[in-house]
Amino acid sequence: LSLVLTVYLWLNRTAKGGRVLLFLVTAITAWSFLYATEIGVDSQAAMVSIAKVEYLSILSISPLWLIFSLEYTDFKHKLYPKYWYILFILPLIILLFNWTNELHHLHWSSINTERVQDVTYLVLEYGPVYWINAIYAYLLTFTGSGLLIARAFRSRGDNFGSAMLLGIGALIPILTNIVSVAKWFPNPHFDLTPIGLALSMIVLAIAIFRYKILDVI
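In short, a report on the structure. (Residues numbered from 1 in each chain as written. Predicted model: local features only at pLDDT ≥ 70, side-chain atom pairs only at ≥ 80, totals over all residues. Heavy atoms only, no water.)

1. Focus on the overall build of the protein chain
Here is step 1: Looking only at helices and strands, the protein chain has 10 helices and two strands in total.
Here is step 2: Tracing the protein chain from N to C terminus, the helices and strands come up as α-α-α-α-α-β-β-α-α-α-α-α.
Here is step 3: Every one of the 217 residues in the protein chain was classed for burial, and the buried ones make up 47%.
Here is step 4: Taking contacts inside the protein chain between residues at least 6 apart in sequence as the whole, the part at least 24 apart equals 66%.
Here is step 5: Per element, the accessible surface of the protein chain, about 10900 Å² overall, is 69% carbon and sulfur. (Helix = DSSP H or I, 4+ residues; strand = E, 2+ residues; numbered from the N terminus. Buried < 20%, exposed > 50% of the residue type's maximum accessible area, 1.4 Å probe, protein only. Contact = heavy atoms within 4.5 Å. Areas by Shrake-Rupley, 256 points an atom, 1.4 Å probe, with all protein chains shown as cover.)

2. Some remarks on the side chain of Asn 187
Here is step 1: By secondary structure assignment, the location of Asn 187 is in the loop between helix H8 (171-181) and helix H9 (193-209).
Here is step 2: On the accessibility criterion, Asn 187 (15% relative accessible area) is buried.
Here is step 3: Not counting residues up to four positions away in its chain, the partners in contact with Asn 187 are Val 116 and Tyr 121.

3. Let's talk about the pairing of strand E2 (residues 119-126)
Here is step 1: With eight bridges connecting them, strand E1 (residues 108-116) and E2 associate as antiparallel partners. Residue Thr 113 lies in a different strand from E2, and its bridge partner there is Leu 122.
Here is step 2: Adjacent in sequence and paired antiparallel, E1 and E2 are bridged by two residues, among which Gln 117 carries a positive phi angle near 50°. (Pairing = 2+ DSSP bridges.)

4. Section: the nonpolar core
Here is step 1: Ranked by internal contacts, the top residues of the largest apolar core, which has 54 residues, are Leu 24, Tyr 55, Ile 61, Trp 65, Phe 68 and Leu 166.
Here is step 2: Put simply, the parts of the chain that give this core at least two residues each are helix H1 (2-11), helix H2 (18-38), helix H3 (44-72), helix H4 (89-99), E2, helix H6 (128-154), helix H7 (158-169) and H9.
Here is step 3: In terms of residue count, the dominant contributor to this core is H3 (14 residues). (Core = buried A, V, L, I, M, F, W, Y, C linked by side-chain atoms within 4.5 Å.)

5. Observations regarding the packing of aromatic side chains
Here is step 1: Counting across every chain of the model gives eight aromatic pairs.
Here is step 2: A centroid spacing of 5.8 Å and a plane angle of 65° characterise the contact between Tyr 35 and Phe 190, whose relative ring orientation is edge-to-face. Of the two residues, Tyr 35 sits in helix H2 while Phe 190 sits in the loop between H8 and H9, which places them 155 residues apart along the sequence.
Here is step 3: With centroids separated by 5.2 Å and ring planes inclined at 90°, the aromatic side chains of Tyr 130 and Trp 131 adopt a geometry described as edge-to-face.
Here is step 4: Using a relative accessible area of 8% as the deciding quantity, one classes Tyr 130 as buried.
Here is step 5: Relative accessible area serves as the criterion here: at 38%, Trp 131 is assigned to the partly exposed category.
Here is step 6: Here the aromatic cluster, defined as three or more aromatic residues joined through ring pairs, consists of Tyr 35, Tyr 121, Phe 185 and Phe 190. (Phe/Tyr/Trp six-rings, centres within 6.5 Å; stacked < 30°, edge-to-face > 60°.)

So this is what it looks like as structure tokens:
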């Protein structure tokens with residue numbers, strides 16, 4: 001599905017919103033692939049290295065989602081495109097903290113591994129920088145979804161369906177992330193967020209192919 005979406009968005013990257021969606025789907029696909037790779041190795045050092053690369057995708061998803069939402073809802077005049085780079089300043093700072101975590105332990109306060117049913121997982125304790133990122137990501141995602149849901153209630157027909165679908169679909173990975181961080185899943189070390197993102201990609205595919213959202217925005 002991710003491959004189909006990526007190819008389709010590449011072919012339609014010149015459409016309004018197409019380029020942002022292409023970057024968003026690429027980031028989601030990369031995170032999912034890298035997380036599968038992470039839990040497929042046993043070395044803690046290798047797992048940590050992969051997890052750090054994952055953050056290139058993790059930190060870009062929420063800003064890209066808000067940018068797409070601004071384009072879709074015609075709110076982009078509220079945050080002019082030339083200023084969109086501001087959304088990535090905090091993620092870049094957090095990325096620096098993540099990649100230098102061994103020097104200060106402000107992102108992950110402790111790192112261990114645990115083997116569950118023949119799979120090795122990272123066991124992470126979160127530092128203050130992690131929570132700053134979580135709050136920022138939730139804020140951007142909820143803002144983007146709120147714009148889309150508000151657009152849905154102002155629209156009729158397919159526009160209502162597509163905006164509502166996108167707005168609710170974006171909340172799926174937030175819910176799975178909360179479940180993972182709170183360790184409510186039976187396997188507390190398994191990160192459900194990539195699965196939530198995969199489900200959101202299904203929602204996005206429906207919006208693209210059923211509601212033709214690239215023709216709307």
